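Summary of structural features
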Amino acid sequence: MKRAFPLGVALFAVAVYCGLIVTAGEQYLHADLSLGIPTGIRTLTAFLAGLAAVILFLGGDDLTDSSKPKILLGIGVAFILIGSYFGLFVAPPEQYMGETQRIMYVHVPTAWFALLAMTIAFVSAIVFLFRTDFKWDARMEGSIETGVVFAFLLCCQGAIWAKPTWGVWWDWDPRLTTTAVLLFAFVGILALRKFVDDPVKRGIWSAVATIIAFVDVPIVYFSVKWWNSLHQQQSSPDTVSKPFWIPLRANAFGILLLMTAFIMLRARISALRLKHELAPPPLAEAQLGEVV
Amino acid sequence: MSGGVVTGGWSFVVAAYAVTAAVFLIYGVTLIARLRDEERRSQ
């Protein structure tokens, strides 16, 4: 477990190399840093290595140390600053959406990692139900709250993008509606946790509610394919022009680290609160001392 | 909008980045403050 964090950092570095450095080398240094690996394999490697790094950061965290999430937070902010610089000042405007397309460099990664945070909550809920280990309850609460913050931000960014492109701030289109349902469902689970005092009941009830609410996550993702939606379909590396890759991917790596750090910090808060809740009251300790 | 092409829009771009920065900053600061409170309480 002690090696999880450095191993996660190494995997994250592999993801950044495959997903960002090679593309930056091609575009700005005119250097081939691909080591002969085809683009498709590099993209897949970046995705899998990034995901494995997050699993190691979260799974290997024993919720006793807050320095590691703070390191991830610092690196994440650096990536976002680089990505936003490229997104605002270097990347060209898009052919049809013009300057407003620059919103995509923050909106798309926020959407990805809102759904990932809720997926982490779902996995934590299942593990908690099987093992009744409160570390997983803390991770579940951390990822639900982070997912809610990201989903709220996603709706704000989407509204700001929708006004100049669709002419309205909001439309009850399937993608937007299912995202709003997801946001309110997870806000409801956080409210449920506030109202239940017994930690075991709170953990079990919110885990079950999380599993039920998670059903909406694939519906959000596939809504643009299943229904005739105003919202455009997902892009892939094949459908995004290369000048847009650097800001999108730099922000994606940065927001991924921010999401991971937020979950780790929030899980530590939950773990400390639980420790305080389960500690015997001072009077009981004093009485115990008299008996002994 | 002009001929199917969105024109202008910088104010929306700035607003989107400002909202993003504000949400991340506020949430990050509140998390660290809450964590410090809990750590102090558990000592």
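Residues numbered from 1 in each chain as written. Chains lettered and ligands numbered in written order. Predicted model: local features only at pLDDT ≥ 70, side-chain atom pairs only at ≥ 80, totals over all residues. Heavy atoms only, no water.

Our next topic: the overall build of chain A. Assigned secondary structure in chain A consists of 10 helices and 0 strands. Listing the helices and strands of chain A from first to last along the sequence gives α-α-α-α-α-α-α-α-α-α. Compactness check: chain A gives a C-alpha radius of gyration of 21 Å against a globular reference of 19 Å for 292 residues, within 12% of the reference. The C-alpha extent of chain A, read off along each of the three principal axes, is 80 × 45 × 30 Å. Long-range pairs, those at least 24 residues apart, make up 81% of the contacts in chain A between residues at least 6 apart in sequence. With the model as given, the accessible surface of chain A reaches about 14,000 Å², and the carbon-plus-sulfur share is 71%. (Helix = DSSP H or I, 4+ residues; strand = E, 2+ residues; numbered from the N terminus. Rg over C-alpha atoms; globule rule 2.2 N^0.38 Å. Contact = heavy atoms within 4.5 Å. Areas by Shrake-Rupley, 256 points an atom, 1.4 Å probe, with all protein chains shown as cover.)

Now for the environment of leucine 183 of chain A. All names here are of chain A. Mapped onto the secondary structure, leucine 183 falls in helix α6 (residues 174-195). Sequence-wise, leucine 183 and arginine 202 are 19 residues apart; in three dimensions their C-alpha atoms are separated by 20 Å. Other than its neighbours up to four places away in sequence, leucine 183 contacts Val148, Ala151, Phe152 and Cys155.

Turning our attention to a nonpolar patch on the surface. Residue and element names in this part refer to chain A. On the surface, a nonpolar cluster with roughly 680 Å² of combined accessible area is contributed by Leu129, Phe130, Val200, Ile204, Trp205, Val208 and Ile212. Listed by contribution, the elements that provide at least two residues to the nonpolar patch are α4 (104-131) and α7 (199-214). Here the nonpolar patch gets 5 residues from one element, more than from any other, and that element is α7. Examined against the element boundaries, leucine 129 turns out to sit in helix α4. Residue classification places leucine 129 among the partly exposed positions, given a relative accessible area of 33%. (Patch = residues over 30% accessible without salt bridge, like charges linked within 9 Å, V, L, I, M, F, W, Y side chains within 5 Å. Salt bridge = Lys/Arg side-chain N within 4 Å of Asp/Glu carboxyl O. Buried < 20%, exposed > 50% of the residue type's maximum accessible area, 1.4 Å probe, protein only.)

The interface of chain A with chain B comprises 38 residues on the first partner and 26 residues on the second. Our enumeration of links across chain A and chain B arrives at 3 salt bridges. A salt bridge links arginine 268 of chain A to glutamate 39 of chain B, with the nearest nitrogen and oxygen atoms 2.8 Å apart. Here chain A is connected to chain B by 7 residue pairs in polar contact (both at pLDDT 80 or more). Within the residue set of the side of chain A that touches chain B, elements represented by two or more residues are α3 (67-90), α4, α5 (134-166) and α9 (245-278) of chain A. In terms of residue count, α5 of chain A provides more of the side of chain A that touches chain B than any other element does, 11 residues in total. Of the residues assigned to the side of chain A that touches chain B, the class counts are 21 nonpolar, 10 polar and 7 charged. (Polar contact = N/O pair within 3.5 Å; in protein donor to acceptor, adjacent residues only side chain to side chain. Nonpolar A, V, L, I, M, F, W, Y, C, P; charged D, E, K, R; others polar.)

What follows concerns the environment of lysine 135 of chain A. Residue and element names in this part refer to chain A. Within the fold, lysine 135 resides in helix α5. For lysine 135, a relative accessible area of 35% translates into the label partly exposed. Taking the C-alpha atoms as reference points, lysine 135 and alanine 271, 136 residues apart in sequence, are found 6.8 Å from one another. When near neighbours in sequence (up to four residues on either side) are disregarded, lysine 135 contacts Asp62 and Leu63.

This part takes up the confidence of the model for chain B. Atomic detail in the predicted coordinates should be set aside for any region of low pLDDT. In this model, chain B carries a mean pLDDT of 90, and residues with pLDDT of at least 70 account for 95%. Of the two predicted TM-score estimates for the complex, the pTM is 0.92 and the ipTM is 0.92. (pLDDT = per-residue confidence, 0-100.)

A few words on the layout of surface pockets. Considered as a void within the structure, the second largest pocket measures approximately 360 Å³ in volume. Taken together, 16 residues make up the lining of the second largest pocket; nearest its centre are Val77 and Ile80 of chain A together with Ala21, Phe24 and Leu25 of chain B. Only α3 and α9 of chain A together with α1 (10-42) of chain B provide two or more residues apiece to the lining of the second largest pocket. With 7 residues, the top contributor of residues to the lining of the second largest pocket is α1 of chain B. Each residue belonging to the lining of the second largest pocket can be placed in one class, and the counts come to 13 nonpolar, 3 polar and no charged. (1 Å grid on protein atoms, 1.4 Å probe; cavity = no way out; pocket = protein on both sides within 12 Å on 5 of 7 lines; lining within 4 Å. Points joined across faces, edges and corners; volume = space filled by probe spheres on them.)

In this section: unusual backbone geometry. Residue and element names in this part refer to chain A. Here leucine 63, not a glycine, exhibits a phi torsion of approximately 65°, which is positive. By secondary structure assignment, the location of leucine 63 is in the loop between α2 (39-59) and α3. The class of leucine 63 is buried, set by a relative accessible area of 6%.

Turning to the packing of α3 of chain A against α1 of chain B, a few remarks are in order. Direction vectors running N to C along α3 of chain A and α1 of chain B enclose 175°, while the axes themselves pass 13 Å from each other. Regarding the angle of α3 of chain A to α1 of chain B, the classification is roughly antiparallel. Side by side, α3 of chain A and α1 of chain B meet where Leu73, Ile80, Ser84, Gly87 and Leu88 of chain A of the first sit next to Trp10, Val13, Tyr17, Phe24 and Ile32 of chain B of the second. Tallied by class, the residues present in the contact of α3 of chain A with α1 of chain B amount to 8 nonpolar, 2 polar and no charged. (Axes fitted to C-alpha atoms, helices over the stretch in contact; angles between N-to-C directions. Parallel < 35°, antiparallel > 145°, perpendicular 65-115°, else oblique.)

Looking now at the nonpolar core. If you look at the biggest cluster of nonpolar residues, it comprises 44 residues, and the most contacted ones within it are Phe12, Phe113, Phe150, Met259 and Phe262 of chain A together with Phe24 of chain B. Taken together, the elements giving at least two residues each to this core come down to α1 (4-29), α2, α3, α4, α5 and α9 of chain A together with α1 of chain B. Per-element tally for this core: the top contributor is α9 of chain A, with 16 residues. The next biggest cluster of nonpolar side chains, apart from the first, holds 23 residues, and it includes Val127, Cys155, Ala207 and Val220 of chain A. (Core = buried A, V, L, I, M, F, W, Y, C linked by side-chain atoms within 4.5 Å.)

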